[in-house]
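Now for the letters of each chain:
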Amino acid sequence: MSTVLESSAIFESFKMRAEAVSAQVERVSTKEQALELIVNLLLKEGVEDKPHCGAVWAACPMIGKADAQKLEAAVPGLTFTVTRDLAADAKVGISQPEWALANTGTLVQGADAVDTRLVSTLPLLHIAVVSTAGLLPDLPAVLSRVDPRKSSYIAFITGPSRTADIERVLTIGVHGPERLIIVMVDDLEVAA
Amino acid sequence: MKQEFKQSILDALANPNLSGALGNFSVAYRAGRAKAYEGIDFEALRHEIAAVKSSAASHFDELADQFTKAAEARGTKVFRTNDPQAVKDYILNLAQKNGVKSIVKSKSMATEEIHLNKYLQKAGIDVQETDLGEWIIQLAGQTPSHMVMPAIHMTKEEVAELFSNKVEDGQKPDIPKLVKFARGKLRPMFLNADMGISGANIAVAETGSIVIITNEGNARLVTTLPRIHVAVVGLEKLIEHFKDIAPILTALPKSGTAQLLTSYVTMISGPAPNTDGTPKELHIILMDNRRNEMAHDPRFKQALQCIRCASCLNVCPVFRLIGGHVFGKVYTGGIGTILTAWFGALKESEDIQSLCIQCGNCRDVCPGMIDIPDLILELRRRLAVEQGQPLLQKAIFSVVNNRRMFHTMMRAAYIGQKPFAKDGFIRHLPMFLSNLTETRSLPTIAEVPFRDRIKKIKQPKCTEKAAFYGGCLVDFAYPEMGESVVKVLNKAGIEVIFPEGQTCCGAPARYSGAYEVAAQNGADNIKALLEEDVKYVVSACPTCTVGLKQDFIANLEAVGRTDELPAARRLAEKVIDFSTLASQLVEQGRLKFKPGMEGTKFTYHDSCHFKHTLHAEQNPRKLMKDAGYELVEMEESSMCCGMGGSYTLKMPEISAPILERKLVNIEKAGAPLLLIDCPGCVMQIRGGLDKRGSSIKVEHTVQRIAECLE
């Protein structure tokens, strides 16, 4: 019981911090609910099989071959075969980071696989699916869990891309995504 | 001072966009930073950072070896050199060997330090900065005006015009549209570039990792899309352990931009795959450029604890007026002055070191615990040793140090100023002295100095004795402050003596880099003040107090007069500022306040040495509260008033607007009384308010306390 309460408190903290930096946070109980939510999101965002309207989903532990086929069928324009050109042209990118930090609203992912980096940097919208069990309190907690000896490229993402370089006016969406939607899933194993 | 330098200051001061943007930012930054650090023990955090960085600076060679080994084991190529030219050649060769035609860069101060872009462009390679601010100044052909916000000096109108002229016609001054435009123009450059060049904020020796911190996401593209990635890393970025990233990464965004964390943090520990599946060609250049030499300098080693957050710029009363371009180089502000002296040459800091008013704001916020004002003084000292003191300065010191001659001259000045003096103020001075009274009236010189006045005060015989150290302002301009000290201490049963042999505290010499003179001042005072056995040595001037308590020791050490250190330390133990002593005496029940002052409003100005060095700022507040007064805090109470000792004489153009802002904040507080613990600030602010025709009364805390006691 206490773990449920704890996970709820840590989730609320994460959600507050992530929303404070303009991320959108959703929470669902099951993987099925998560996939349904994402499919609806993609359709709502106008993802279709046309130039500049695609969606790219980087290979990740939560998606098996069958899932991928089902999803590609449900959303024309969505592909799990991520290339540089497709990612550069896509509207939406989807990935599954391993960890989430409650005190800063940060996502952390081992991003050696280039498709993980492409889908989270090039499109205007990045959807990140994270296991609730991947919630950690802070920076020291994640630094003791990631291993730079195994992972050449570890990426921390806190909200969408931003700048204040002109007149110090905060502007969202410079070189990276201008929106970040985080979907927290309770019954998912931690990706690491 | 060179004429062109003086002109660059005047130009900056005359630029309303610059001072407006920086002024607004400094206010927003202060609040934002405080919020970002909520719930965090900043002192503990910066001790941790200082320990990590200092330990690294003691072992640069070992750490660089360890880094190289760890990184090369993963397939990274590491090149280490002390020579900036070798860095440029390495990158150019690499580019030419690989047929590189275009390069995208994310922000790197190290590459700006060695002017890499120009070198590569000369060889026919297209080099694009991709950080929005850096891209803007690259298009404008300028240098960064701020380490974190390089284009803070430009308005959206100027950016729109620049984009229209240099990139594509018809850009409107609409910030979101300008940002979108930049995204659209830079995106193909990222996709087409053959090489990406980045800096790094941290380099971890044990794992061979580099950590890159950005908000825009450009570093992620620079390190992902081109097939070659070169990171240019200053040696001072090295730390030993991966876990030690945590304190630096905790502080840097909070101190830099008041964020809990930047949008992106990228940790690269080896070549990750390229988009075509081939492994990235990853080169890391560890650049020394005198950093190791700096690590072996006992005074300047601490400057390597810098994490490049630029908070020293953001809290600086001078920087927010003039911005970064006056500094003329890549690194700007307080830490920039020090880095310029080292990565360039000592001589290059000759003019810019004089911009520091020595207020100490930056010392309080530095996450690397660098005593920046002290290091700037050390630059001043070394410059004075290298170049000798100016003749005029020498002449002034010889007068100031000879108290008798100083008296005579002061009294002569008093007679001479009579035609200009009115109600205790000098409002106008003739000709070349006129800028001294342009924004504030100066006090008249008292007819009878305090050293003569005290002889006429009838004091009770007490067993406890205190020696009073006057300092020039109390002795010659404000003897009434000294009389108040005597009155208060007498009431507590303490007799006050005035050792005749006391002389200048040495601050003018020290702050001009003339340490031999300052050390001799200290020695003379130590002898005079230790002559009679007293319990306290009291001063009503924080700068003098810091002199007696700390600088005498430092000055003697600096010139190698170590034999005299024990006496200096004996003196230091007895030294106490007035308000701190008075609050102790109130606590002990030896001083009691009269009733009837309840609700009298006052506001308080924190003098620099009093707050930032002595950390005594709560004592006068508490004293006045005990006396029944009600404190109305002014905005930016701890921001310097622009006096800075002789700064107001050397840099009147900068001192004046600093004072102006202080006066506005005092008036906005709406209290009829302003209390201050420093006679220098009293002189500056009282004079400034007089010039504005304000009715606010300005007093030293001791004067008001003397009136409140039973």
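Residues numbered from 1 in each chain as written. Chains lettered and ligands numbered in written order. Predicted model: local features only at pLDDT ≥ 70, side-chain atom pairs only at ≥ 80, totals over all residues. Heavy atoms only, no water.

A. Seen up close, the overall build of chain B. In terms of helices and strands, chain B carries 34 helices and 21 strands. Relative to its length of 710 residues, chain B is compact, with a C-alpha radius of gyration of 28 Å against a globular reference of 27 Å. Overall, chain B is about 95 × 55 × 50 Å in size when its C-alpha atoms are taken along their principal axes. Classification of the 710 residues of chain B by burial places 62% in the buried group. Put simply, 78% of the contacts in chain B that link residues at least 6 apart link residues at least 24 apart. For chain B, the accessible area works out to roughly 26,500 Å², and carbon and sulfur atoms hold 54% of it. Here chain B holds 86 positive side-chain charges and 81 negative ones, and the gap between their average locations is 2 Å. (Helix = DSSP H or I, 4+ residues; strand = E, 2+ residues; numbered from the N terminus. Rg over C-alpha atoms; globule rule 2.2 N^0.38 Å. Buried < 20%, exposed > 50% of the residue type's maximum accessible area, 1.4 Å probe, protein only. Contact = heavy atoms within 4.5 Å. Areas by Shrake-Rupley, 256 points an atom, 1.4 Å probe, with all protein chains shown as cover. Lys, Arg positive; Asp, Glu negative; His and termini not counted. Charge placed at Lys NZ, Arg CZ, Asp CG, Glu CD.)

B. Representation of the side chain of B:T580 within the structure. Residue and element names in this part refer to chain B. As for its placement among the helices and strands, T580 is situated in helix α28 (residues 578-587). A residue is classified by how much of its surface remains accessible, and T580, at 16% relative accessible area, is buried. Residues in contact with T580, not counting those within four places in the same chain, are A616 and N619.

C. The packing of aromatic side chains, seen in detail. All names here are of chain B. Enumeration according to the criterion identifies 13 aromatic pairs over all chains in this entry. Ring centres of Y37 and F42 lie 4.9 Å apart, and the angle between their planes is 65 degrees; on these two criteria the pair is classed as edge-to-face. Each member of the pair, Y37 as well as F42, is classed as buried. Where F468 meets F498, the ring centres are 6.5 Å apart and the plane angle is 45 degrees; that geometry is what we call tilted. A residue pair is termed long-range when its members are at least 10 positions apart, and F468 in strand β14 (residues 464-469) and F498 in the loop between β15 (494-497) and α24 (507-510) qualify at 30 residues. F468 sits in the buried class, given a relative accessible area of 1%. (Phe/Tyr/Trp six-rings, centres within 6.5 Å; stacked < 30°, edge-to-face > 60°.)

D. Spotlight on the interface of chain A and chain B. Counting residues at the interface gives 47 residues for chain A, matched by 66 residues for chain B. In this assembly, chain A packs against chain B so that about 4,700 Å² is buried in total across both faces, 58% of it on carbon and sulfur atoms. Our enumeration of links across chain A and chain B arrives at two salt bridges. The closest approach of N and O atoms between A:E178 and B:K180, which form a salt bridge, is 3.0 Å. Applying the counting criterion to the chain A and chain B interface returns 33 residue pairs in polar contact (both at pLDDT 80 or more). Going through the elements one at a time, α4 (84-89), α5 (114-121), α6 (139-143), β9 (153-157) and β10 (162-163) of chain A are the ones with two or more residues in the side of chain A that touches chain B. Per-class residue counts for the side of chain A that touches chain B are 21 nonpolar, 15 polar and 11 charged. (Buried area = accessible area lost by both parts, 1.4 Å probe. Salt bridge = Lys/Arg side-chain N within 4 Å of Asp/Glu carboxyl O. Polar contact = N/O pair within 3.5 Å; in protein donor to acceptor, adjacent residues only side chain to side chain. Nonpolar A, V, L, I, M, F, W, Y, C, P; charged D, E, K, R; others polar.)

E. View of helix α34 (residues 701-708) of chain B. The buried count for α34(B) comes to seven of eight residues, which makes it a mostly enclosed element. Residues of α34(B) that are buried: B:T701, B:V702, B:Q703, B:R704, B:I705, B:A706 and B:C708.

F. Region of the structure containing the sheet that holds strand β1 (residues 77-81) of chain B. Residue and element names in this part refer to chain B. Taken together, six strands build an open sheet; the order of strands is β1-β10-β7-β4-β2-β3 and the sheet is parallel. Two strands close off the open sheet at either side, each with one partner strand: β1 and β3 (126-129). Between one strand axis and the next, the sheet turns through 20 degrees on average, direction left out of account. Here strand β7 (residues 228-234) runs beside strand β10 (residues 281-287); their pairing, made up of seven bridges, is parallel. Note that in β10 the partner of V230 across the bridge is H283. Where helix α4 (residues 60-73) meets the sheet, its contacts fall on β1 and β10, and the angle it forms with β1 comes to roughly 160 degrees. (Pairing = 2+ DSSP bridges. Axes fitted to C-alpha atoms, helices over the stretch in contact; angles between N-to-C directions.)

G. Quick peek at the nonpolar core. Residue and element names in this part refer to chain B. With 82 residues, the main nonpolar core has F67, I210, I322, I335, I338, L355 and I654 as its most contacted residues. Broken down by element, the residue count for this core peaks at six residues, all from helix α16 (residues 333-344). Contacts of F67, omitting those with residues within four sequence positions, involve V78, A203, V204, A205, G208, S209, I210, L238, I284 and L286. Membership of the second largest hydrophobic core comes to 62 residues, among which are A477, Y478, F578 and F602. (Core = buried A, V, L, I, M, F, W, Y, C linked by side-chain atoms within 4.5 Å.)

H. Structural view of the sheet that holds strand β18 (residues 601-605) of chain B. All names here are of chain B. Here we have four strands laid out as an open sheet, ordered β19-β18-β20-β21, and parallel in their pairing. Each having just a single partner strand, β19 (630-631) and β21 (697-700) make up the two edges of the open sheet. Examined bridge by bridge, strand β20 (residues 673-676) and β21 share four bridges and lie parallel to one another. Bridge pairing links L675 to E699 in β21.

I. Quick look at the environment of A:T171. Residues and elements named next belong to chain A. The topology assignment puts T171 in strand β11 (residues 171-172). By relative accessible area, which is 7% here, T171 ends up buried. Along the sequence, T171 and S161 sit 10 residues apart, while their C-alpha atoms lie 8.7 Å from each other.

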